[in-house]
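# Chains, contacts and geometry: an overview
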Amino acid sequence: MSASGNRLLFRTRVKFCGLTRLGDVRLACELGADAIGFVFAHGSPRQLEPEEARAMRIALAPLVDAVALFMDNPADEVREVVRQVRPSLLQFHGSEDDAFCRSFGVPYLKAVAMGDETQATPATALPAQFPAAAGFLFDSHRRGGSGGSGHTFDWARLPAAMDKPFVLAGGITADNVFDAILAVQPWGVDVSSGIESAPGIKDGDKMRRFVEEVRRADCYSG
Ligand SMILES: O=C(O)c1ccccc1N[C@@H]1O[C@H](COP(=O)(O)O)[C@@H](O)[C@H]1O
């Protein structure tokens, strides 16, 4: 779903992903993040145990979503995260199908790998392939590859309009998020490495600048 018409009526949602420290979670909430992502993908430098994520989830301010991110994790791991962390949204980056993603009884976002020359499924066909998805997240990684790389992809490859909300991810930073929002008009933007000083270690100044640039884009009427 892209914004059309008067941009002043539109507010781009902000998701900060890959947080590993309680202080970063508290600051993200104060800065106005709409959602915080906890990574359970194996091999990620940001990977958490359910118990660690649970402690941070409890610290979330009201009206801030907890998102649990997976990449081809076994179902019992996803279930254990859902039990302990109580995320309000799941985010799947692997080859999970709709039946798997919806089987946990929690709304989900399906990540779409945009790092290959050709897409496995054209963007316009995604809603039919993932009918239960709450929305889609377009990321720069290749199929089977990991996200959180800080690389962008060619935003011109995104569909002009989609029936479901979509989130833009992949290499978004305070320096390009203004242009990204004006170019793509996503439902939300998702950032991990662009607000870090090291993998999993968020930088307060980068987080603040990022939110300021999103707000500037949302107010831009030129
Ligand atoms: O953050 C990770 O380590 C990760 C691992 C596996 C799949 C996705 C991952 N992160 C997600 O990738 C995008 C883009 O991140 P970045 O801003 O380019 O660093 C974002 O959705 C992260 O949550």
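Owing to the predicted nature of the structure, the values given are computational and were not obtained by experimental measurement.

So, about the overall build of the protein chain. Along the backbone of the protein chain there are seven helices and ten strands. What you see for the protein chain is a C-alpha radius of gyration of 16 Å, in line with the 17 Å of a compact globule of 222 residues. Structurally, the protein chain occupies a C-alpha span of about 50 × 40 × 30 Å along its principal axes. Within the span of the protein chain, comprising 222 residues, buried residues form 40% of the whole. By sequence separation, contacts in the protein chain at least 24 residues apart represent 63% of the contacts at least 6 residues apart.

Whenever strands of a sheet pair, they do so through backbone hydrogen bonds, lying parallel or antiparallel. Ordered by their spatial adjacency, eight strands build a closed barrel running β1-β2-β3-β4-β5-β6-β7-β8, and the pairing between neighbours is parallel. On average, each strand axis in the sheet is inclined to that of its neighbour by 25°, with strand direction left out of account. The pairing of strand β5 (residues 108-113) with strand β6 (residues 135-139) spans five bridges and is classified as parallel. Bridging across to β6, Lys110 finds its partner in Phe136.

All right, on to the environment of Ser221 then. Examined against the element boundaries, Ser221 turns out to sit in the segment after α7 (204-219). Judged by C-beta crowding, with 7 C-beta atoms within 10 Å, Ser221 ranks as exposed. For the pair formed by Ser221 and Leu182, sequence separation is 39 residues and the distance between their alpha carbons is 9.9 Å.

The element strand β2 (residues 35-39) is largely enclosed, with a buried count of five among its five residues. Side chains Ala35, Gly37 and Val39 of β2 all project onto a buried face; the interleaved residues Ile36 and Phe38 project onto the opposite face, where all are buried too. Regarding topology, helix α1 (residues 22-31) serves as the crossover connection from strand β1 (residues 13-17) to the parallel β2, and that connection is right-handed. One ladder, built from five bridges, connects β2 with strand β3 (residues 65-70); its direction is parallel.

Quick look at the confidence of the model for the protein chain now. Looking at the protein chain as a whole, its pLDDT mean stands at 91, while 92% of the residues score no less than 70. Long-range and interchain partners of residues 1-5, a stretch whose pLDDT sits below 50, account for eight contacts in this model, where long-range means more than four residues apart.

Before going further, it helps to examine unusual backbone geometry. Although it is not a glycine, Asp72 adopts a positive phi angle of roughly 55°. By the element assignment, Asp72 lies in the loop between β3 and α3 (75-85). Judged by the 13 C-beta atoms lying within 10 Å of it, Asp72 is partly exposed. A positive phi angle is found at Arg86, which is not glycine, with a value near 55°.

Helix length check: α7 (16 residues) gives 23 Å between terminal C-alpha atoms against 22 Å at 1.5 Å per residue, within 8%. Here α7 has its buried residues at Met207, Phe210, Val211, Glu213, Val214 and Ala217. Taken end-on, α7 shows its buried residues confined to a sector of 160°, consistent with a single buried face. For α7, exposure combined with an orientation more than 90 degrees from the buried face picks out Asp205, Arg216 and Cys219. Those residues of α7 hidden inside the fold are in contact with β1, α1, α6 (177-184), β8 (188-191) and β10 (201-202).

Reading guide: rules and limits
- Residues numbered from 1 in each chain as written.
- Predicted model: local features only at pLDDT ≥ 70, side-chain atom pairs only at ≥ 80, totals over all residues.
- Helix = DSSP H or I, 4+ residues; strand = E, 2+ residues; numbered from the N terminus.
- Rg over C-alpha atoms; globule rule 2.2 N^0.38 Å.
- Buried ≥ 20, exposed ≤ 12 C-beta atoms within 10 Å, placed from the backbone.
- Contact = placed C-beta atoms within 7 Å.
- Pairing = 2+ DSSP bridges.
- Axes fitted to C-alpha atoms, helices over the stretch in contact; angles between N-to-C directions.
- Right-handed = clockwise from strand over helix to strand, strands pointing away.
- pLDDT = per-residue confidence, 0-100.
- Expected span 1.5 Å × (residues − 1).
- Arc of directions from axis to C-beta.

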